[in-house]
Amino acid sequence: MPELPEVEIAARRIGAAVAGARVESSLAPGMVTMKTFAPPLDALTATTIEGVGRRGKMFVVGFGELSLLIHLMSAGRLQVWDKRASLRDKASRLLVRLEDGRELRLREFGTQQRAWAKVLPSGEVDADEAVATLGPEAWPAPPAEELATVLGQPRHLHPLLRDQRTIAGIGRSWVDEVLWTARLSPFKKGAELEREEVQRLREAIQERLGAALEHYEEVIGDTVPDKLPMPLLVHRRSGEPCPRCATKIEAIHFKDYVLCYCPQEQTGGRVLKDRRLSRLLK
Ligand SMILES: [Zn+2]
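Scope of this entry: the structure provided in the associated data block. Predicted model, so just to flag it, every value in this text is computed and none were measured.

### As for the pairing of strand 8 (residues 116–121)
Walk down a regular strand and you will see the side chains alternate between the two sheet faces.
Consideration 1: In terms of residue burial, strand 8 counts as a mostly covered element, since five of its six residues are buried.
Consideration 2: Pairing geometry for strand 4 (residues 66–71) and strand 8, over six bridges, is antiparallel. For Leu69, the partnering residue across the bridge sits in strand 8 and is Lys118.

### Thoughts on the coordination of the zinc ion
Consideration 1: The coordination sphere of the zinc ion, as far as protein atoms go, consists of Cys242 (SG), Cys245 (SG), Cys262 (SG) and Glu265 (OE), spread over 2.0 to 2.3 Å.
Consideration 2: What the four donor atoms of the zinc ion show is an angle range of 98 to 117° at the metal, which sorts the shape as tetrahedral.
Consideration 3: The sequence motif formed by the donor residues of the zinc ion is C-x2-C-x16-C-x2-E. Of this pair, Cys245 sits in the loop between helix 6 (195–219) and strand 9 (250–253) while Glu265 sits in helix 7 (residues 263–266), and the two are 20 residues apart along the sequence.
Consideration 4: Residue Glu265 is classed as buried on the basis of its relative accessible area, which comes to 18%.

### Digging into the sheet that holds strand 3 (residues 58–63)
Consideration 1: Here four strands make up an open sheet; going across it, the order is 2-3-4-8 and the pairing antiparallel. The sheet is open, and its two borders are formed by strand 2 (51–55) and strand 8, each paired with just one other strand. When strand polarity is set aside, the average angle formed by the axes of neighbouring strands in this sheet is 25°.
Consideration 2: Bridge count between strand 2 and strand 3: five bridges; the pairing is antiparallel.

### Focus: the sheet that holds strand 1 (residues 23–27)
Consideration 1: Taken in spatial order, the four strands make up an open sheet running 1-6-7-5, and their pairing is antiparallel. Pairing within the sheet leaves two strands with one partner each, and these edge strands are strand 1 and strand 5 (76–81). With direction set aside, neighbouring strand axes in the sheet form an average angle of 15°.
Consideration 2: The pairing of strand 5 with strand 7 (residues 103–108) spans six bridges and is classified as antiparallel.

### Section: the packing of aromatic side chains
Consideration 1: All told, the structure shown has one aromatic pair when counted by the stated rule.
Consideration 2: Measuring from centroid to centroid gives 4.8 Å for Phe254 and Tyr257, while their planes differ by 10°, and the two rings are stacked. Side by side, Phe254 and Tyr257 carry an identical accessibility label, which is buried.
Consideration 3: The lysine or arginine in question, Arg162, covers the ring of Tyr257, its NZ or CZ lying 4.3 Å from the ring centre.

### Points about helix 6
Consideration 1: The end-to-end C-alpha distance of helix 6 is 36 Å, a good match for the 36 Å that 25 residues give at a rise of 1.5 Å each.
Consideration 2: Packing partners of the buried residues in helix 6 comprise helix 1 (4–18), helix 3 (144–151), helix 4 (157–162) and helix 5 (172–181).

Calculation criteria
- Counting from 1, residues in each chain are numbered in the order their sequence is written.
- Residues qualify for local features only when their pLDDT is at least 70, as the model is predicted, and side-chain atom pairs are given and counted only at 80 or more; totals for whole chains, interfaces and linings, by contrast, use all residues.
- Values shown for side chains rest on all heavy atoms present in the structure; no hydrogens or waters enter the calculation.
- Exposure categories follow from relative accessible area, calculated using a 1.4 Å probe and restricted to protein chains: below 20% of the type maximum is buried, above 50% is exposed, and the middle band is partly exposed.
- Strands here are runs of E lasting at least two residues and helices are runs of H or I lasting at least four, both read from the DSSP assignment and numbered beginning at the N terminus.
- Any two strands between which DSSP finds at least two bridges are classified as paired.
- Coordinating N, O and S atoms are those within 2.8 Å of the metal (3.2 Å for Na, K and Ca), and as water is not part of the atoms, a site may appear to have fewer donors than expected.
- Every geometry call rests on angle ranges, with four donors termed tetrahedral when all angles are between 85 and 135 degrees, four termed square planar and six termed octahedral when opposite donors are over 155 degrees apart and all others are between 65 and 115, and everything else termed irregular.
- Each axis is a line fitted through C-alpha atoms, taken for helices only over the stretch in contact, and angles between the N-to-C directions span 0 to 180 degrees.
- What counts as a ring pair is set by centres within 6.5 Å for rings of Phe, Tyr and Trp (its six-membered ring), and what kind of pair is set by the plane angle: stacked under 30 degrees, edge-to-face over 60, tilted for all other angles.
- Each ring is checked for a lysine NZ or an arginine CZ that lies within 6 Å of its centre and within 35 degrees of its normal; such an atom marks a charge sitting over the ring.
- Given the number of residues in a helix, its expected span is that number minus one, multiplied by 1.5 Å.
- What makes two residues a contact is simply this: any of their non-hydrogen atoms within 4.5 Å.

Right under this line is the structure:
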């Protein structure tokens, strides 16, 4: 699933590509993609795209008085195409056809339809439930005081940082990177962080997400590729040496994701083998 840096770079590139373009028509081949019915999708016809923004991991495409709020979930992609999609393309979920012949297309891969979109009056985007429940944006990182407040929960840092209601934009990939950068255990509880640890965590969030964005700005051209070149150092690198201390990066396999960490620097040398064991450790 794309996280804050990936959605941000896509919003910048797509925004630059489609700003000023007029909408000819829109349709949603994804039967369950549209989560709103009024205003109807047709209301976008003859409007002009003003730009593309981001809230957490969601896109906000601005059409003047109306906006499209789009969540890719785990397998969606938003891209601009020079030509229209074939109506037989089973991956198509939402098509915004532009008068110049191009198309802003939301596609989704796999068997499930989970990506969604809403047409909202632009003034109501921030009040929409999906946006209003977000914690502060992870990048730029919130001030240390605010971060300490939102993290002050008796929950492990790994799920806590991925919870969009706590802080918005971090997911399964960047959480590993941020915790490794901050040298913090994924199983430390948010409420148990020392002041200095919150500061370290804040710097790690700022540094890693910011560096990812700078990296994308350098290597990604006008079109965002299907698979982004994510500058990851520990995530999905179990078995490889830690880039800092050369200890073998370990992994814990959960049902839906893999957690990677450096035991030497993050868990006091302890190797946590699986989720049953991991429950016992702080
Ligand atoms: Zn290490």
